[in-house]
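Single-letter residue listing:
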Amino acid sequence: MTENLVIVESPAKAKTIEKFLGKDFTVVSSFGHIRDLVKNKLGVDVEKGFAPVYEVPEDKKKVVSELRKLAGQANTVWIASDEDREGEAIAWHLISVLGLDPSTTRRIVFHEITKDAITKAVESPRQVDMNLVNAQQARRILDRLVGFELSPVLWKKVQPSLSAGRVQSVAVRLLVDREREIIGFSADSAFRVTGSFSGKNSEGTAVLLKAECPKKFGTEADAKVFLEKCDAADFTVENIVVKPGTRSPAPPFTTSTLQQEAYRKLGFSVAQTMSVAQKLYEAGRITYMRTDSTNLSSLALNTAREVISGEYGAEYSRTRQFKTHSRGAQEAHEAIRPTYFDRKEAGGSNNEKKLYELIWRRAIASQMADARIEKTTITIGMSSSPVNFSATGEVILFDGFLKVYTESSDINASDDEKAILPRVDTGMALTPDTITALQRFTSPPPRYTEASLVKKLEELGIGRPSTYAPIISTIQSRGYVAREDRPGEKRTIAQLTLAKGKITRSEKSEMAGKEKSKLFPKDIGIIVNDFLTANFPDILDYNFTAGVEKEFDEIASGELGWASMISDFYSPFRKTVDESLSTRKRMTGARQLGTDPATGLPVAVKMSRFGPVVQLGEASPDNKPRFANLRRDQLLETITLEEALALFALPRTVGTFEEKEMTVGVGKFGPYVRHDGKFYSLKKGVDDPYTITATRATELIREKREGDKQKVISEFGDIRVLNGRYGPYIVHDKTNYRIPRGTDPAKLTQEECRAIIDKGSKPKSTRGGKKK
């Protein structure tokens, strides 16, 4: 007989908790969400409430049976699932599927896995909070209603196998709207004037001062006229303004700010951040990682103060409590922080260590003193014009929290703002060494990264801490959005330089439109968005989605009944679904581009079963149209006739090598060069199949041949010993065989190779190879 049985979600969490409980407690894992163990056919009755009907699959019956057996042997069952709404729903499901007696079942919650937290939780158990369960289940029901009702509409009106979701579709809309802003953006240019000035201050010290003219000049001619005025002008220091200032630390992490900062500083995806944070939490290293609260407990505040005072000095400590500004903050009662502030390092893997250090630094910095700075602005006047130059800089008088942590931003701050300025005097004469007018172009709105999309969703009140990562993962896995790099295009800019009384003109180049790990909507995502926006405007409305989140919060607090909320939504929604199925036209993104000058055939683009394509000609009994796939960086709504026709240039012959043709094309695995019946891949980001030359194609063939030579260790007829990605192996009859550890592959004989093959040791699997 077990005195106390504690059920948690994962083995890792169970292992950590078990260390803090006595021998009277047995800790077991339900191995994930209870919905992984059962088919939960959730019945919905607006009169009676939720009615879960469970069917245990064959492969899960052993786990559920074991849990039921253990629960039946225990005097008291403690359910210690996570403290958010999802965790509360897990607890409710466990009670239902295991048939637990409410009188002997205790619900305990904690936001950190430490001895004190676990002890306090056991000392103050409670019952399952049905308001939280109702809020979570209402979310699940509403999301399923939207998904299950809208997806079939998309199958009939757009393309089979598509899906829609209440939140994911709104996230895609954000990306599509931004992409169209960028497409419609028209860049303007202006000339930015900067100067380098020299002189001597009152102490006789030579100084060099860099400054910028605040006025921008719209044309090259205007910029040249201004430089001519500068050539005839005298420059003096007109004004010096010194202002003291402070910088305050950012609050400790919430889920969204952790995802944003881990992306900026560590390059982690949103899903990766949450996966690593989950491991740190389950190991007892950090507090619960799904939260929108910035509060810290009194114990955490006191511990942080002790660590800061001991490590950096009392003057660096400043206890502060931050106010949570997130809409409907509800997931947990404390920010993400280390469970023990005196532990600077924690985690098993490198990623865990990096993320832990980031969390530690952010939490510690939030309890440190402000940084004191001195901002200086120097105004340089010129005799020939009312326009002046300005130099700005700052000096850190006391680093405060900056000793530990500096928050990153999606927008890089100007280096000029951080410059330390030399000492100058009012009225001091300056000599211009060089004054430069450089052409600059305005930039379109930035595309979203995973981090900035999370920030936008939070600002709009869409989603909650537990939903950000699944939202972003879903829209990418569905093919609606892709995270990509784009090389950009080279752009020429003009520069005018005034030096030694002479103005010279030169040209420079810059990369415009270069993107790194940005989210790009794909054609199918744009088409789905357009269809849903046109036919289901309420579902795609930002305010509607945020309003639904608010209603979930009201259900969680007991202010709103889940049944009335679902009922008010579903009736008009179902009516719109029926109308769309019966009256709305199919949407394919089709667009006529014009006529091919060479053949006179019409050219169009559309979404096909195989993706976005260009169609040359129309289908008829006597004519079969030609098709070409769009490139990764092309869209149906922006591709031009010339760009579309260029896609039919492949495959193309680029020349001959060893008296045999070299043909360039694009296949299932990307662009290639075909020569003598063999295929050689083009290098991603380096070679363009539309412009590659015969010389470059020859280089690729020779490089591949040389690599293949190094790959071969030895050959015995139809038996080959090769170097592979994971080490040496044997190939025979298209089957790969592992070489036993400790064997020198270079010394293998044909007989020894044959023995390994005959023994049939576990093969090294490769694409296309048979497993034996």
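Everything numeric in this text was worked out from a predicted model, so none of it was measured.

A.B. asks: Where do I start with the overall build of the protein chain in this structure?
C.D. replies: A count of helical and extended segments in the protein chain gives 19 helices and 28 strands. Principal axes of the C-alpha set define a box for the protein chain whose edges measure 95 × 80 × 75 Å. Across the 772 residues of the protein chain, 47% fall into the buried class. The contacts of the protein chain with a sequence gap of at least 6 include a subset with a gap of at least 24, amounting to 70%. Total accessible area computed for the protein chain in this model is approximately 39,500 Å², and 49% of it derives from carbon and sulfur atoms. When the 117 basic and 103 acidic side-chain charges of the protein chain are each reduced to a single mean position, those positions are 4 Å apart.

A.B. asks: Sorry if this is basic, but what is going on with the nonpolar core here?
C.D. replies: Here is a general trend for soluble globular proteins: nonpolar side chains tend to be buried in one another's company. Membership of the largest hydrophobic core comes to 128 residues, with the highest contact counts inside it found for Phe-110, Ile-286, Leu-355, Ile-364, Leu-453, Leu-532 and Val-614. With 10 residues, the top contributor of residues to this core is helix H5 (residues 130-157). In terms of nonpolar packing, the next biggest core, distinct from the first, is built from 30 residues, Cys-213, Phe-217, Leu-421 and Ala-494 among them.

A.B. asks: Which parts of the structure should I look at to understand the pattern of salt bridges?
C.D. replies: If the charged atoms of two oppositely charged side chains come close together, the side chains can form a pair. Taken as a whole, this structure holds 51 salt bridges when the rule is applied. Between Arg-192 and Glu-212 there is a salt bridge whose closest N-O contact spans 2.9 Å. Pair noted here: Arg-192 is in strand E7 (residues 189-200) and Glu-212 is in strand E8 (residues 206-212), with a separation of 20 residues, a long-range link. Here Glu-212 falls in the partly exposed class, since its relative accessible area comes to 22%. Note that Glu-510 is salt-bridged to Arg-440, the shortest N-O span being 3.2 Å. You can see Glu-510 sitting in strand E15 (residues 502-512) and its partner Arg-440 sitting in strand E12 (residues 429-441), a full 70 residues away along the chain. Overall, Glu-510 belongs to the buried group, its relative accessible area being 17%. Using a relative accessible area of 37% as the deciding quantity, one classes Arg-440 as partly exposed. Because the salt bridges share partners, they merge into one network encompassing Lys-683, Asp-687, Arg-696, Glu-699 and Glu-703.

A.B. asks: Help me understand H5 in this model?
C.D. replies: Given 3.6 residues per helical turn, the α-helix brings residues three or four places apart onto the same face. Between its terminal C-alpha atoms H5 stretches 40 Å, which fits the 40 Å expected from 28 residues at 1.5 Å a residue. The buried fraction of H5 is high, at 20 of 28 residues. The opening residue of H5 is Asp-129, an N-cap whose side-chain oxygen sits 3.0 Å from the backbone nitrogen of Asn-131.

A.B. asks: Mind showing me how you'd approach helix H2 (residues 61-73) here?
C.D. replies: Spanning 13 residues, H2 covers 18 Å between terminal C-alpha atoms, matching the ideal 18 Å at 1.5 Å per step. When we look at burial in H2, the residues that qualify are Val-64, Leu-67, Leu-70 and Ala-71. End-on, the buried residues of H2 take up no more than an arc of 130°, which puts them together on one face. Turned more than 90 degrees off the buried face of H2, the exposed positions are Lys-62, Lys-69 and Gly-72. Here the buried face of H2 lies against strand E1 (2-8), strand E2 (25-29), strand E5 (74-79) and helix H3 (85-98).

A.B. asks: Can you walk me through the side chain of Gln-439 in this structure?
C.D. replies: Its place among the elements puts Gln-439 in strand E12. Classification of Gln-439 by relative accessible area gives buried; the value is 13%. A polar contact is formed between the side chain of Gln-439 and the side chain of Ser-189, at a distance of 3.3 Å. The residues contacting Gln-439, other than those within four sequence positions of it, are Ser-189, Ala-190, Phe-191, Thr-492, Ile-493 and Ala-494.

A.B. asks: Explanation requested: the sheet that holds strand E20 (residues 626-629) in the structure shown.
C.D. replies: Picture the strands of a sheet paired through backbone hydrogen bonds; they go either parallel or antiparallel. Strand order in the open sheet made by the 4 strands is E17-E18-E19-E20, with antiparallel pairing throughout. The open sheet has two edge strands, strand E17 (591-595) and E20, and neither has a second partner. With strand direction ignored, the average angle separating the axes of adjacent strands in the sheet is 25°. One ladder, built from 4 bridges, connects E17 with strand E18 (residues 602-608); its direction is antiparallel. Looking at the pairing, Thr-595 lines up with Pro-602 of E18.

A.B. asks: Teacher, can you tell me more about the packing of helix H12 (residues 450-460) against helix H13 (residues 468-477) here?
C.D. replies: How two helices sit against one another is set out by the angle between their axes and by the gap between those axes. It is the contact of H12 with H13, at a shortest axis distance of 11 Å, that shows an interaxial angle of 125°. When the axes of H12 and H13 are compared, the pair comes out oblique. In this structure, H12 crosses over H13, and the sense of that crossing is right-handed. Contacts from Glu-450, Leu-453, Val-454, Leu-457 and Glu-458 in H12 reach Tyr-468, Ile-471, Ile-472, Ile-475 and Gln-476 in H13. Its residues placed into classes, the contact of H12 with H13 shows 7 nonpolar, 1 polar and 2 charged.

A.B. asks: Would you take a moment to explain the environment of Asn-134 for this structure?
C.D. replies: Along the polypeptide, Asn-134 turns up in helix H5. On the basis of relative accessible area, Asn-134 is assigned to the buried category, the value being 16%. Once the C-alpha coordinates of Asn-134 and Ala-563 are considered, the two residues, 429 residues apart in sequence, prove to be 9.4 Å apart.

A.B. asks: Got a minute to help me understand the pairing of E12 in this structure?
C.D. replies: Pairing of E7 with E12 involves 10 bridges; the strand directions are antiparallel. Paired with Arg-192 across the strands is Leu-438, a residue of E12. Taken together, the 2 bridges between strand E9 (residues 235-247) and E12 define a ladder with antiparallel strand orientation. Among the inter-strand pairings, Phe-235 is bridged to a residue of E12, identified as Leu-430. Bridge count for E12 against strand E14 (residues 489-499) is 5 bridges, and the pairing is antiparallel. Bridging across to E14, Ala-437 finds its partner in Leu-496.

A.B. asks: Looking at this model, I keep getting lost on a nonpolar patch on the surface. Mind explaining?
C.D. replies: A cluster of nonpolar side chains, namely Val-395, Leu-397 and Ile-420, defines an oily patch on the protein surface of about 290 Å² accessible area. Tracing the sequence through the fold places Ile-420 in the loop between strand E11 (385-398) and E12. Classification of Ile-420 as exposed rests on a relative accessible area of 67%.

A.B. asks: How do you make sense of the packing of aromatic side chains when you look at a structure like this?
C.D. replies: What describes a pair of aromatic rings is the distance from one ring centre to the other and the angle between the planes of the rings. Here the structure, examined in full by the defined rule, presents 13 aromatic pairs. Taking the centre distance of 6.0 Å and the plane angle of 55° together, the rings of Phe-25 and Trp-78 count as tilted. Of this pair, Phe-25 sits in strand E2 while Trp-78 sits in strand E5; the two residues are 53 residues apart in sequence, bridging distant segments of the chain. Judged by its relative accessible area of 8%, Trp-78 is buried. Taken together, a centroid distance of 5.2 Å and an interplanar angle of 55° make the contact between Phe-197 and Phe-235 tilted.

A.B. asks: Got a minute to help me understand the confidence of the model for the protein chain in this structure?
C.D. replies: Close inspection of predicted coordinates is inappropriate in any region flagged by low pLDDT. On average, residues of the protein chain score 88 in pLDDT, and 92% of them are at 70 or above. Taken as a whole, residues 763-772 scores under 50 in pLDDT and shows 25 contacts with residues more than four places along the chain or in a different chain.

A.B. asks: Looking at this model, I keep getting lost on the sheet that holds E5. Mind explaining?
C.D. replies: A sheet is described by the order of its strands in space; here 4 strands give the open sequence E2-E1-E5-E6, paired in parallel fashion. Across the chains shown, the open sheet's two edge strands, defined by having one partner strand only, are E2 and strand E6 (105-107). Neighbour-to-neighbour, the strand axes of this sheet turn through a mean angle of 25°, independent of strand direction. Sheet topology note: the E1/E2 ladder contains 5 bridges and is parallel. By the bridge assignment, Val-8 is partnered in E2 with Ser-29. Across the sheet, helix H1 (residues 11-18) is in contact with E1 and E2; its angle to E2 comes to roughly 165°. Against the sheet, H3 contacts E1, E5 and E6, and its axis sits at roughly 170° relative to E6.

Quick notes on the rules
- Residues numbered from 1 in each chain as written.
- Predicted model: local features only at pLDDT ≥ 70, side-chain atom pairs only at ≥ 80, totals over all residues.
- Heavy atoms only, no water.
- Helix = DSSP H or I, 4+ residues; strand = E, 2+ residues; numbered from the N terminus.
- Buried < 20%, exposed > 50% of the residue type's maximum accessible area, 1.4 Å probe, protein only.
- Contact = heavy atoms within 4.5 Å.
- Areas by Shrake-Rupley, 256 points an atom, 1.4 Å probe, with all protein chains shown as cover.
- Lys, Arg positive; Asp, Glu negative; His and termini not counted.
- Charge placed at Lys NZ, Arg CZ, Asp CG, Glu CD.
- Core = buried A, V, L, I, M, F, W, Y, C linked by side-chain atoms within 4.5 Å.
- Salt bridge = Lys/Arg side-chain N within 4 Å of Asp/Glu carboxyl O.
- Expected span 1.5 Å × (residues − 1).
- Polar contact = N/O pair within 3.5 Å; in protein donor to acceptor, adjacent residues only side chain to side chain.
- Arc of directions from axis to C-beta.
- Pairing = 2+ DSSP bridges.
- Axes fitted to C-alpha atoms, helices over the stretch in contact; angles between N-to-C directions.
- Parallel < 35°, antiparallel > 145°, perpendicular 65-115°, else oblique.
- Left-handed = near helix turned anticlockwise from the far one by under 90°.
- Nonpolar A, V, L, I, M, F, W, Y, C, P; charged D, E, K, R; others polar.
- Patch = residues over 30% accessible without salt bridge, like charges linked within 9 Å, V, L, I, M, F, W, Y side chains within 5 Å.
- Phe/Tyr/Trp six-rings, centres within 6.5 Å; stacked < 30°, edge-to-face > 60°.
- pLDDT = per-residue confidence, 0-100.

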